[in-house]
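Residue strings, one per chain:
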Amino acid sequence: ARFRQEMRICRRLNHSAIVRTYEFGVWQSRRFITMEVLDGEDMARVLMRAKGPMTEEAVRTLFAQVCRGLDAAHDAGVIHRDVKPHNIFVLKGQTEARLMDFGIAKVQDLTTTAEAGLSIIGTPAYLPPERLEDGIAPGPRTDLYSVGASMYHAITGELPFGGKDISALLTAIAMGKLKPPQEHNPLISDGLQDLIMTAMARLPSDRPKDCATLADSLDALST
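Keep in mind that this is a model prediction, so the values were computed, not measured.

Here we come to the sheet that holds strand β3 (residues 40–42). Spatial ordering of the open sheet is given by β3-β5-β6, a layout of three strands whose pairing is antiparallel. Two strands in the sheet have a free side with no partner beyond their single neighbour: β3 and β6 (97–99). Along the sheet, successive strands turn relative to each other by an average axial angle of 20°, direction set aside. As defined by bridge partners, β3 adjoins strand β5 (residues 88–91) across three bridges and the pair is classed as antiparallel. In the sheet register, D42 faces β5, and the bridge partner there is F89. On top of the sheet, helix α2 (residues 43–50) reaches β3 and β5; it is set at about 95° to β3, its chief contact. Those strands touched by helix α3 (residues 56–75) are β5 and β6, and its axis lies near 30° from that of β6.

Right under this line is the structure:
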């Protein structure tokens, strides 16, 4: 169901920062998706290999692209719901990124989504607080928080919140105070720290109005 969901969604999206997906099928009883060939690795592996944070220039460049891809998805009525380093592919040279894995995305004008009976959709470490509350539908600012959490991880090498188990992690996300990124990495500029903290604001209304705004702000830090 998630394969079919991803194909249905990706056919709606056409942006240079979103991985291109071509075909869904079955071969020898195995379902498959074909997509463009990319030379590089996902951001989670980049961080694992580096055993530390990425450069600020790389973070600004890559996440500005991710934000513009997300903005195009939001304009098409698609909420990703699982933005995280594992789902950001970094091309060789670390100057280009592709957003991938729309398998649990929510299409706002379709009645069927691939929730698979789960009460929490997405990867817990990057979930916004509002997704832990019943009855709150995901929206563009849901993805914005996850972008901020992913930037936090990329520029500090640390997750925004931790816990000894999933319950402790979810409690920290719901009630804990976010440490400023500079406490982990004092070399981070004030400008980038402010953008991360704003993107991860507890209230969705306190976050940037959309991903394009965050992308513009990231680009402005580079000038």
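After that view of the structure, there is still more to cover.
Across the interface, helix α4 (residues 140–156) lies against helix α7 (residues 211–221) with an axial gap of 10 Å and an inter-helix angle of 30°. Accordingly, the angle class assigned to the pair α4 and α7 is roughly parallel. Classified by chirality, the crossing of α7 by α4 is right-handed. Each of L144, V147 and M151 in α4 lies in contact with α7, whose residues at this interface are C211, L214 and L218.

Moving on: empty space enclosed by the protein. Using a probe with the size of a water molecule, rolled over the atoms, empty space left in the structure can be pinpointed. Under the defined criterion, the tally for this structure stands at one cavity of 30 Å³ or more. The volume enclosed by the largest cavity comes to roughly 30 Å³. Taken together, R81, D82, V83, K84, T123, Y126, L127, P128 and S146 make up the lining of the largest cavity. Residue composition of the lining of the largest cavity, by class: four nonpolar, two polar and three charged.

This part takes up α2. Taken together, the buried positions of α2 are occupied by M43, A44, V46 and L47. Along the long axis of α2, the arc covered by the buried residues comes to 160°, so they all point the same way. Along α2, the residues that are exposed and aim more than 90 degrees away from the buried face are M48 and R49. If you follow the buried residues of α2, they end up packed against β3, α3, β5 and α4. You can read the cap of α2 off the contacts: a side-chain oxygen lies 3.0 Å from the backbone nitrogen of A44, and it is on D42. Of the residues trailing α2, K51 is marked for its positive phi of about 55°.

Here we come to the packing of α4 against helix α6 (residues 190–199). At a minimum axis separation of 7 Å, α4 and α6 run at an interaxial angle of 140°. Taken together, α4 and α6 sit at an angle that is classed as oblique. By crossing handedness, the relation of α4 to α6 is classed as left-handed. The residues of α6 that touch α4, namely those facing L144, Y145, G148, M151, Y152 and I155, are L192, I196 and A199. Across the contact of α4 with α6, the residue classes break down as eight nonpolar, one polar and no charged.

Calculation criteria
- Residues numbered from 1 in each chain as written.
- Predicted model: local features only at pLDDT ≥ 70, side-chain atom pairs only at ≥ 80, totals over all residues.
- Heavy atoms only, no water.
- Pairing = 2+ DSSP bridges.
- Helix = DSSP H or I, 4+ residues; strand = E, 2+ residues; numbered from the N terminus.
- Axes fitted to C-alpha atoms, helices over the stretch in contact; angles between N-to-C directions.
- Contact = heavy atoms within 4.5 Å.
- Parallel < 35°, antiparallel > 145°, perpendicular 65-115°, else oblique.
- Left-handed = near helix turned anticlockwise from the far one by under 90°.
- 1 Å grid on protein atoms, 1.4 Å probe; cavity = no way out; pocket = protein on both sides within 12 Å on 5 of 7 lines; lining within 4 Å.
- Points joined across faces, edges and corners; volume = space filled by probe spheres on them.
- Nonpolar A, V, L, I, M, F, W, Y, C, P; charged D, E, K, R; others polar.
- Buried < 20%, exposed > 50% of the residue type's maximum accessible area, 1.4 Å probe, protein only.
- Arc of directions from axis to C-beta.
- Polar contact = N/O pair within 3.5 Å; in protein donor to acceptor, adjacent residues only side chain to side chain.

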